Structure formats: structure tokens, C-alpha cells
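Listed below, chain by chain, are the residues.
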Amino acid sequence: MKKNVIIVGAGIAGLSAGVYALQSGFNVTIYESHTIPGGASTSWRRKGYLFEGGLHWLTGSSPRVPLHKIWREVGALDDTVEIYNKDPFFTAEYQGKQAHLYQDTEKLRHHLRELSPEDGREIDRLIADVVRFESINSPVMDIPHVKVKKKSPGDAFFMLKMLPVLPRLSYYSKQSTQEYVRTFKSPLVRMLLENVAGGENNAAALVFTLATLAAGDGGYPKGGSLAMAARMAKKFLSLGGAIHYGKPVDRVWVQNGTARGVIVNGEHIAADAVIVTIDTLVAIESMFDAPIHEPWAEKMRRETLPMLDTFICAGVEADLSCEPERLVFAVDEPLICGGVPEYEVNVNHYAPYEGYAPAGCTALTSAIIRDSYDFWKACREDGTYEAEKQKLAESFIRKLNQRYPQTEGKVAVWDVATPLTYERYLHSYKGSWMTIMKKGAMPARYPCRPESIGNVYFAGQRLMSPGGTPVAVQTGRMAVQYLCRDTDAVFQGNL
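Residues numbered from 1 in each chain as written. Predicted model: local features only at pLDDT ≥ 70, side-chain atom pairs only at ≥ 80, totals over all residues. Heavy atoms only, no water.

Draft legend 1. A look at the overall build of the protein. In terms of helices and strands, the protein carries 16 helices and 23 strands. For 495 residues, the compact-globule estimate of 2.2 N^0.38 gives 23 Å, and the protein sits close to it at 23 Å. When its C-alpha atoms are laid out on the principal axes, the protein stretches across 70 × 55 × 45 Å. Burial analysis of the protein (495 residues in total) assigns 55% to the buried set. Taking the intrachain contacts of the protein between residues at least 6 apart in sequence as the baseline, contacts between residues at least 24 apart amount to 70%. Counting every atom, the protein has about 21300 Å² of accessible surface; 51% of that belongs to carbon and sulfur. Considering the protein, the positive charge centre built from 55 side chains and the negative charge centre built from 55 side chains are found 5 Å apart. (Helix = DSSP H or I, 4+ residues; strand = E, 2+ residues; numbered from the N terminus. Rg over C-alpha atoms; globule rule 2.2 N^0.38 Å. Buried < 20%, exposed > 50% of the residue type's maximum accessible area, 1.4 Å probe, protein only. Contact = heavy atoms within 4.5 Å. Areas by Shrake-Rupley, 256 points an atom, 1.4 Å probe, with all protein chains shown as cover. Lys, Arg positive; Asp, Glu negative; His and termini not counted. Charge placed at Lys NZ, Arg CZ, Asp CG, Glu CD.)

In C-alpha cells, the structure reads:
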């Protein structure tokens, strides 16, 4: 008789786990609190405009990258999905000049040297490191002692490939991106590089991102987050799985140290195993009768630095297709968010993409990446929440009109999602969607199974820092491999 598995959450990790569990012979039901799949990988519509709320690019979009096979196995990508590769990928603008982040490393080198000859030595050193890191693609591995229908090839020489880059990896990891970019004299070059991976993260994140792009990876799948999640959900359902939307799980039902199922709206629903894919940091506090206090859980509580943002969307009745698709520009009068002045404003527009806006119009977004959770929580408590969101949106629109005069008086719709919005829909810690890796920090890895509770498995972006969709899809796969090993089942994908 097939064993029944319940999955908490229909985000990327939950859908990944669901597909692999079905293919491996389990009956699977997903309970999702939202009305749509995708979790943090999401988009939404307002008055005819589609606002991309998740992906800016997808690691593993290139067939040359090992992760690509996983995306195809879970249905996120297939031969019908068109991948957009932006080049330049990103643009910074300061005092009337622009710096472009080209994916071609030699083109990028010449461009940056032309912008800032005095930084030639540092530019050459950075590009040389990017080329070194370009060949480092983490292999897809099977866990030890699991039975598999088709063994993942892995990479027997992965550690040998890592050896030459370890000294440079250490160099970048020991400083923040913000500190590293100070080695460049040009404020425009500093601005470009700092905004690639975020100034708070250690500088290794910058180099790995540049290396990903240089390898031809990091494309944007047609339809973005919402379409990708829908394809995964369709694959899951086609295999015989079931998804119950609008059904938040109260907690995991545990008896005598073993999970017996879940409790939904007070009802006990039995299962042979439970895979929890909501934010693990939240799950260990609230999904069980008592918080989990195993050593790894304490480490997660102690060391997690959440990455969160305030997200601004606008639909404008103007065609911005002639403008850079991803732009950060300096402003004289700051944009104030959470009481903190922002002297740089980023804009992502989707003018080239069909279906994102009415004809001749443009959907655009901007993320202010900063921990403003306490500010917005205080606003909600004192009744100024909606007024503050409107104040921020109106200020952003003024900055937008200054940079893009053709948008003056043509903003048809706006929307603001705060960390509290993400918290409400994602049930994530402070509404965060990734983990910041500070200088000196090495990637953290947490187990898929607690030791104190049987038949429970974890998956999701929090299990490996910094997180993101690659971690979500891989930990979904990994959780099912542990499930297969524990139940003596054969793990299998479909490729």
C-alpha cells in the first residue's frame, strides 16, 4: 500500500518535494494557505498590469548548468519555455553617466576600463576571478545510501576544481560587498558593483553572481515567477497529487515523538510523513506543540540574518522599452523608507515582455532592500500603515517622473508590499525571503530531518544560506530522498 505524505506549503520547495514524492511512489497532498502556488516566487495583477514579485533571473536556466536538469524534472522549465537573457544585465547611472553590467567578461572589462582607467588594475583582477569562478557549478548529488532509479552523475572533480579558487574565495568572503567596492576609485563603478548582489552580503556573492552571468546562466523564463510556479503545480497535479488552497496548517500532529499528520482548522488529518516547506525558522517555533531546540535549530535562531524589502510597483501609460530594463540611479533628494534615506533608486521594467501591461504601457517595480519590519509593524499598530504606504508610493513616483519625464501624470496604478505583506502571505520570519551572508560567514547548511521527531522532513530556502529558488528546489528533492531512504523506497525523477 502506498504511503501518504502531506506537504505544508505549495511554494517552490513544496512543489519540488511533491513532484519527486509522487514519482517515487507516494500519495501526496499539499496544503497551501494562499490561493495560488509559488510562495515567494510570485507575481500579481493590478488593473491590467502584471508585477513580477519574485524572479529577476533564474539560476539553472542554462542547459549547461547541472541545476537545469532539476528545473526540468519538476516541470518549471521545458522545451516550450523561452528564456530571456538580458545584456546588459544591469545598469547604474550617476551624474549623467551609465555603467553597464555585460555578461561577456571581456566586454565588461573593456567597458569598465573605459569608464575608469584609474581602476584598471582592480578591474582586471575582478574579471580574472570571475573567469576562475565561472567553472564552479555545484553538482546535483544524491544523499548517502538512498536507493535511486537513476544515479545523479555528481562531479568527482568538484573539490579539485575548487582548490584554485579557495584563496580568492577567502579574500572576498572576509569583506562585505560594500567594503570591497571601496577599492575602486570610480563612484559609478562602485555603484554598479554594490547593487549587483547587495552591499550587506559578503563580496563572494558579487563574484559568484558575475560568474553565473558570465557562464550564460541567469536567464528570465517567459511569464516569470507566476508562470513557473503554475507549470510546477500542473506537473504535480498531472502525476496525481492534490493541492488544497486556502488551507493553512495549524501545526504538525505529533504523538509519542512521531508525526501522525497535520492539524488543519482543528481537524486532524493523518499521514505517514509530513514535509514542512514554510520558512524553517518559523516552523521550528510554531508548527509543533513545543518549539524545536536541537543544536542546529539554535544555530539557525542565533545566526540567521534575514533579507527583506519594501516592494513598490507601478503601472505607467508610457512605453519604456528604450530604457535599461534594470537600472539604479542616484537622486539628490532621498527616498525615505522606514525613516531611512535612500539616495539610490532601482527600477525593473518589463516593457519588452508581452502580457505584463496594456499595449504601449509598462509595468515596473522597485525593491528597497532593508530591514524595515519594526517600522511597518509600528505603523500598523498606530493606524498609519496605509497612509505611510501611500506616502512612500507618491515619493517614489516623483523620483520616477524626474528620471522618466514621459511618465509624468501617467501612473495608472501603484502598489506597495511591505515586510508585513510578505509575512502574511509567506509565513516567513519578518517577511524575509533570503538570508544575508555577512562578511566572514560561510554558507550554512541545516538538516532536512529533526532528530527529536520522526516522520518529519524540512525543505525550503532557509536550509542553506543564502537561499533563493535554487535552494528551494534542491531541498525539496533532498527531503524526498531522506523520505525514500527511511522507508526503503526508490527515489526517482523523470529525466
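Structure shown, so let's carry the discussion forward.
Draft legend 2. Here's a closer look at the sheet that holds strand β19 (residues 362-369). Spatial strand order, β7-β6-β17-β18-β19-β16-β20: 7 strands in an open sheet with mixed pairing. This sheet does not close on itself; its edge strands, each paired only once, are β7 (97-101) and β20 (411-417). Each neighbouring strand pair of the sheet contributes to a mean axis angle of 25 degrees, computed without reference to strand direction. Across 3 bridges, strand β6 (residues 90-94) lies against strand β17 (residues 326-337) in parallel orientation. In the strand pairing of β17, E93 is matched with F329. (Pairing = 2+ DSSP bridges. Axes fitted to C-alpha atoms, helices over the stretch in contact; angles between N-to-C directions.)

Draft legend 3. Molecular detail of the layout of surface pockets. Here the second largest pocket defines a volume of roughly 350 Å³. Around the second largest pocket, the lining is made up of 18 residues, and of these W44, R46, A417, T421 and Y425 lie nearest the centre. For the lining of the second largest pocket, the secondary-structure elements that each account for two or more residues are β3 (43-46), α14 (385-403), β20 and α15 (419-426). A per-element tally of the lining of the second largest pocket places α15 first, with 5 residues. Of the residues that constitute the lining of the second largest pocket, the class distribution is 9 nonpolar, 5 polar and 4 charged. (1 Å grid on protein atoms, 1.4 Å probe; cavity = no way out; pocket = protein on both sides within 12 Å on 5 of 7 lines; lining within 4 Å. Points joined across faces, edges and corners; volume = space filled by probe spheres on them. Nonpolar A, V, L, I, M, F, W, Y, C, P; charged D, E, K, R; others polar.)

Draft legend 4. Molecular detail of the environment of C322. With respect to the secondary-structure elements, C322 resides in the loop between β16 (309-316) and β17. Judged by its relative accessible area of 67%, C322 is exposed. Distance in space between the C-alpha atoms of C322 and A351 is 8.8 Å, their sequence separation being 29 residues.

Draft legend 5. Examining the packing of aromatic side chains more closely. On inspection of all chains with the given rule, the structure shows 20 aromatic pairs. Look at Y353 and Y356: their rings are 5.6 Å apart centre to centre, the planes differ by 50 degrees, and that puts the pair in the tilted class. The class for Y353 is buried, based on a relative accessible area of 6%. On the basis of relative accessibility, which here comes to 3%, the residue Y356 falls in the buried class. An aromatic cluster is built from Y84, Y220, Y350, Y353 and Y356, whose rings are joined through pairwise contacts. (Phe/Tyr/Trp six-rings, centres within 6.5 Å; stacked < 30°, edge-to-face > 60°.)

Draft legend 6. How the structure looks around empty space enclosed by the protein. Taken as a whole, this structure holds 1 cavity of 30 Å³ or more when the rule is applied. In this structure, the largest cavity encloses a volume near 50 Å³. If you go around the largest cavity, the residues you meet are L101, Y102, Q103, T105, L108, I127, V130, L210, L213 and A214. Going through the elements one at a time, α3 (105-115), α4 (120-134) and α9 (204-214) are the ones with two or more residues in the lining of the largest cavity. The greatest single-element share of the lining of the largest cavity, amounting to 3 residues, is contributed by α9. Among the residues making up the lining of the largest cavity, the classes are represented as 8 nonpolar, 2 polar and no charged.

Draft legend 7. Broad picture of the sheet that holds strand β1 (residues 4-8). Spatially, 5 strands are ordered β10-β2-β1-β14-β22 in an open sheet, and the strand pairing comes out parallel. Looking along the sheet, the strands with just one partner apiece sit at the ends: β10 (242-245) and β22 (456-458). Strand-to-strand twist of the sheet, defined as the mean angle between neighbouring strand axes without regard to direction, takes the value 20 degrees. Here strand β2 (residues 27-32) runs beside β10; their pairing, made up of 4 bridges, is parallel. The residue of β10 that forms the bridge with I30 is I243.

Draft legend 8. Geometry of unusual backbone geometry. Residues D87 and P88 are joined by a peptide bond in cis, for which omega reads 10 degrees. Along the chain, P88 falls in the loop between β5 (83-84) and β6. Cis rather than trans, the peptide bond between S465 and P466 has omega equal to 5 degrees. Here P466 shows up in the loop between β22 and α16 (469-487). Located in the positive-phi region is K47, a residue other than glycine, with phi close to 50 degrees. With a relative accessible area of 69%, K47 lands in the exposed category. Although it is not a glycine, D488 adopts a positive phi angle of roughly 60 degrees.

Draft legend 9. Fine view of the pairing of strand β18 (residues 340-349). In this structure, β17 lies alongside β18, joined through 8 bridges in antiparallel fashion. By the bridge assignment, L327 is partnered in β18 with V347. Between β17 and β18, which pair antiparallel and follow one another directly, the connecting turn spans 2 residues, one of which, G338, has a positive phi of 65 degrees.

Draft legend 10. Main features of the side chain of S186. Residue position: S186 is located in the loop between α7 (177-180) and α8 (187-197). A relative accessible area of 8% places S186 in the buried class. Setting aside residues no more than four positions away along its own chain, S186 makes contact with S116 and D119.

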